[in-house]
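Chain by chain, the residues run as shown.
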Amino acid sequence: LVAIVSSAHPFAGQATITIGQLEGQTLIMSPPDQEPATTAALAPLLAHGLEPGPHIPARAMDTIIRLAACGIGIGLVPSSMRAVARPDVWICEVSPRTELPELTLSWRTQDRSPVLRAFLGSAGTAWPRLQDALQQRGISADSAG
């Protein structure tokens, strides 16, 4: 879990913020029904008496990042969102470290769709760990299957 703030936010420039620094802040995050794992991961932290400000639910990671860029609040997103960082935001580690579940992709092995190949190519470029995992399985964006 990382925090995304506007480049004009007081936390911009900090490598790490503590969970206590989120107290009273407007948090932008996925709604619990969409990201129950994130909600579950934050529950113990919030149970320690932290009084966050209002929560703004946003269904798409891009929406969370854009709202944070506008200075609406602090976005809480998986660290994989570093791959789509923008020049108008700053990404801070959150301490204590909060692990989120790994992202899992699946598809039919017989699928030769050009859309699937394009997706895997783009995703592999954005997330090198995915590219490595695909290569270890003998799968390339040109032969998604």
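This write-up is about the structure you can find in this document. Just so we're clear, the structure is a prediction, and the values are computed from it rather than from any experiment. (Residues numbered from 1 in each chain as written. Predicted model: local features only at pLDDT ≥ 70, side-chain atom pairs only at ≥ 80, totals over all residues. Heavy atoms only, no water.)

### Some details on the overall build of the protein chain
Here's step 1: Looking only at helices and strands, the protein chain has four helices and six strands in total.
Here's step 2: Listed by position from the N terminus, the elements making up the protein chain come as β-β-β-α-β-α-β-β-α-α.
Here's step 3: The proportion of buried residues among the 145 residues of the protein chain is 34%.
Here's step 4: When contacts within the protein chain are restricted to residue pairs at least 6 apart in sequence, those whose partners lie at least 24 apart make up 77%.
Here's step 5: Carbon and sulfur atoms provide 57% of the accessible area of the protein chain, an area that totals close to 8300 Å². (Helix = DSSP H or I, 4+ residues; strand = E, 2+ residues; numbered from the N terminus. Buried < 20%, exposed > 50% of the residue type's maximum accessible area, 1.4 Å probe, protein only. Contact = heavy atoms within 4.5 Å. Areas by Shrake-Rupley, 256 points an atom, 1.4 Å probe, with all protein chains shown as cover.)

### Focus on unusual backbone geometry
Here's step 1: Residue Pro96 is reached from Ser95 by a cis peptide bond, and omega for that bond is 5 degrees.
Here's step 2: Residue position: Pro96 is located in the loop between strand S6 (89-95) and helix H3 (114-126).

### A closer look at the sheet that holds strand S1 (residues 2-6)
Here's step 1: Ordered by their spatial adjacency, six strands build an open sheet running S2-S6-S1-S5-S3-S4, and the pairing between neighbours is mixed. Only two strands of the sheet have a single partner each, and these edge strands are strand S2 (16-18) and strand S4 (55-57). Taking the axes of each pair of neighbouring strands and ignoring which way they run, one obtains an average angle of 35 degrees across the sheet.
Here's step 2: The sheet contact formed by S2 and S6 spans three bridges and is parallel. From the neighbouring strand, Thr18 faces S6, where its bridge partner is Ser95. (Pairing = 2+ DSSP bridges. Axes fitted to C-alpha atoms, helices over the stretch in contact; angles between N-to-C directions.)

### A few points about the pairing of strand S5 (residues 74-77)
Here's step 1: Of the two faces of S5, both are covered, the one formed by Ile74 and Leu76 as well as the one formed by Gly75 and Val77.
Here's step 2: Where strand S3 (residues 27-29) and S5 come together, two bridges link them in parallel fashion. If you follow Ile28 over to S5, its bridge partner there is Gly75.

### Structural notes on the pattern of salt bridges
Opposite charge on two side chains permits them to pair, given that their charged atoms come into close proximity.
Here's step 1: Per the counting criterion, the structure on display carries six salt bridges.
Here's step 2: Between Asp88 and Arg86 there is a salt bridge whose closest N-O contact spans 2.6 Å.
Here's step 3: With a closest N to O distance of 3.9 Å, Arg97 and Glu93 form a salt bridge.
Here's step 4: Take Arg97: its relative accessible area is 62%, and that puts it in the exposed class.
Here's step 5: When its relative accessible area of 27% is taken as the criterion, Glu93 is described as partly exposed.
Here's step 6: Several salt bridges share partner residues, and in doing so they unite Arg82, Glu93 and Arg97 into one network. (Salt bridge = Lys/Arg side-chain N within 4 Å of Asp/Glu carboxyl O.)

### Quick word on the nonpolar core
Here's step 1: Counting residues in each nonpolar core, the largest one holds 16 residues, and the members touching the most others are Ala3, Phe11, Ile17, Leu22, Leu27, Ile74 and Leu76.
Here's step 2: Of all the secondary structure elements, the ones that give two or more residues to this core are S1, S3, helix H1 (36-46), S5 and S6.
Here's step 3: When neighbours within four sequence positions are excluded, Ile74 is seen to be in contact with Ala3, Ile4, Val5, His9, Phe11, Leu22, Gln25, Thr26, Leu27 and Ile28. (Core = buried A, V, L, I, M, F, W, Y, C linked by side-chain atoms within 4.5 Å.)

### Quick word on H3
Here's step 1: Along its 13 residues, H3 runs 18 Å from first to last C-alpha, staying within 8% of the 18 Å computed at 1.5 Å per residue.
Here's step 2: Among all positions in H3, only Leu116, Leu120, Gly121, Ala123 and Gly124 are buried.
Here's step 3: Buried residues belonging to H3 abut helix H4 (128-136).
Here's step 4: Among the residues of H3, the N-terminal cap falls to Ser113, whose side-chain oxygen and the backbone nitrogen of Val115 are separated by 3.0 Å. (Expected span 1.5 Å × (residues − 1). Polar contact = N/O pair within 3.5 Å; in protein donor to acceptor, adjacent residues only side chain to side chain.)

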